[in-house]
Amino acid sequence: MRRSLIRARLRQNKAVRIVCLYYPVSMMPAHAAKAGFDAIWLDSEHSTWDRRDLQRLIQNHHLANIDCIVRTGSRNATDLYHLLEDGATGLMIPLVNSAEEAAALARAVKFPPLGQRGHDGSGLDNNFYLTGTNGYAAAANEETFLIVQIETPEAVAAADAIAAVPGVDGLFIGPGDLSLRLGCPMDWSNPQMLAAEDAVAAAAARHGKAWGRPSGSSEDIAKLDLKGARLIAHGSDFGAVMRMMPVFAKTMKDGLSEV
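Residues numbered from 1 in each chain as written. Predicted model: local features only at pLDDT ≥ 70, side-chain atom pairs only at ≥ 80, totals over all residues. Heavy atoms only, no water.

(A) How the structure looks around the overall build of the protein chain. Within the protein chain, the secondary structure is distributed over 12 helices and 8 strands. Here the C-alpha radius of gyration of the protein chain, 19 Å, is about what a compact globule of 259 residues would show, namely 18 Å. Taken along the three principal axes of its C-alpha coordinates, the protein chain extends 65 × 45 × 30 Å. In the protein chain, which comprises 259 residues, the proportion classed as buried is 49%. Looking at the protein chain alone, contacts between residues at least 24 apart form 61% of all its contacts between residues at least 6 apart. Of the accessible surface of the protein chain, which amounts to about 12,300 Å², a share of 58% is contributed by carbon and sulfur atoms. Between the centroid of the 26 positive side chains of the protein chain and the centroid of its 29 negative side chains there is a distance of 5 Å. (Helix = DSSP H or I, 4+ residues; strand = E, 2+ residues; numbered from the N terminus. Rg over C-alpha atoms; globule rule 2.2 N^0.38 Å. Buried < 20%, exposed > 50% of the residue type's maximum accessible area, 1.4 Å probe, protein only. Contact = heavy atoms within 4.5 Å. Areas by Shrake-Rupley, 256 points an atom, 1.4 Å probe, with all protein chains shown as cover. Lys, Arg positive; Asp, Glu negative; His and termini not counted. Charge placed at Lys NZ, Arg CZ, Asp CG, Glu CD.)

What follows is the structure in structure tokens.
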């Protein structure tokens with residue numbers, strides 16, 4: 001089984017550097033790996049990905065040696081562990097509001113004794129059964145990663161209980177959904193957002209779990225690192241297009257001497 005860069009970074013108490021991919025862009029794993037990212041989070045919650053898109057992109061992650069985290073809205077156990085069989089390093093599950101929900105997810109994606117994931121061993125994650133399945137289940141539990149998203153006041157209140165669930169490896173704050181439900185600006189200087197972040201950070205620290213959130217600046221990333229955040233996301237294909245298209249357009253206008 002391929003060794004996870006996420007796991008390796010966390011064992012060294014280093015932050016995991018994550019970038020987001022909204023659309024199936026084949027070149028992204030190679031470019032992200034060369035740029036120094038450890039993982040790409042594929043957002044199939046808000047964007048349209050068919051199963052073959054996911055399989056193809058996950059294979060490209062393996063070729064580039066970069067971890068693949070799939071954010072999926074599915075709670076179906078077979079759907080979830082099928083993504084791991086296809087070679088995903090981790091799963092990110094949105095809107096997890098209770099320890100009971102987190103425990104059900106851990107049961108779905110972890111092999112015994114942590115969970116009840118179905119055993120096969122013929123997927124990319126086990127090198128298509130070429131060397132059998134000796135040690136496969138233990139290696140899968142050790143090298144894959146379950147991230148649950150904290151995105152509601154209920155989830156913040158339950159953060160300690162969620163972090164205590166065996167098989168939950170990380171907590172990831174979703175700022176858009178959380179600020180919407182708190183009724184406050186999506187601003188990390190806002191007292192409500194800061195209080196929520198501190199509650200999640202404290203819960204993760206108590207139970208030895210990783211935590212983090214998206215970030216938009218180097219200054220904010222430095223603050224997160226100092227607070228112990230180890231799952232830090234910055235940048236995306238969408239953001240790259242949005243930022244660079246005006247730059248390209250200006251270059252064109254300058255070259256044509258158009259105002």
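Still more to cover.
(B) Seen up close, the sheet that holds strand β3 (residues 67–71). In spatial order, the strands read β1-β2-β3-β4-β5-β6-β7-β8; together these 8 strands close into a barrel with parallel pairing. Each neighbouring strand pair of the sheet contributes to a mean axis angle of 25°, computed without reference to strand direction. Relative to strand β5 (residues 145–150), strand β4 (residues 90–93) is paired through 4 bridges, and the arrangement is parallel. Bridging across to β5, Gly90 finds its partner in Phe145. Those strands touched by helix α2 (residues 28–35) are β1 (16–21) and β2 (39–43), and its axis lies near 150° from that of β1. Each of β7 (210–214) and β8 (231–236) touches helix α11 (residues 218–226); the most contacted strand, β8, lies at about 165° to it. (Pairing = 2+ DSSP bridges. Axes fitted to C-alpha atoms, helices over the stretch in contact; angles between N-to-C directions.)

(C) Quick look at the pairing of β5. Burial runs high along β5: 6 of the 6 residues are buried. Here β5 shows a buried face lined by Phe145, Ile147 and Gln149 and a second buried face lined by Leu146, Val148 and Ile150. Both β5 and strand β6 (residues 170–173) contribute to a ladder of 4 bridges, which runs parallel. Looking at β6, one finds that Val148 is bridged to Leu171.

(D) Looking closely at the packing of aromatic side chains. In this structure the tally under the stated criterion is 4 aromatic pairs. Consider the rings of Tyr22 and Phe238, whose centres lie 6.0 Å apart with planes at 65°: the pair is edge-to-face. With Tyr22 in the loop between β1 and α2 and Phe238 in helix α12 (residues 237–255), this pair connects stretches of sequence that are 216 residues apart. Of the residues examined, Tyr22 reaches a relative accessible area of 25% and is grouped as partly exposed. Under the relative-accessibility criterion, Phe238 is labelled partly exposed at 44%. A connected cluster of aromatic rings, assembled from ring pairs, spans Tyr22, Tyr23 and Phe238. Lying across the ring of Trp188, Arg213 places its NZ or CZ 3.9 Å from the centre. (Phe/Tyr/Trp six-rings, centres within 6.5 Å; stacked < 30°, edge-to-face > 60°. Lys NZ or Arg CZ within 6 Å of the ring centre and 35° of its normal.)

(E) Examining the pattern of salt bridges more closely. Across all of its chains, the model carries 22 salt bridges by this definition. In this structure, Glu143 engages Arg3 in a salt bridge whose closest nitrogen and oxygen atoms are separated by 3.0 Å. Here the residue Glu143 occupies a position in helix α6 (residues 136–143), and Arg3 occupies one in the segment before α1 (5–11), the gap between them amounting to 140 residues. Overall, the relative accessible area of 55% leaves Arg3 in the exposed class. For Arg117, the salt bridge identified is with Asp125, shortest N-O distance 3.1 Å. Residue Arg117 shares its accessibility class with Asp125, and that shared class is buried. What emerges from the salt-bridge pattern is a single network uniting Glu197, Asp198, Arg213, Asp220 and Lys227. (Salt bridge = Lys/Arg side-chain N within 4 Å of Asp/Glu carboxyl O.)

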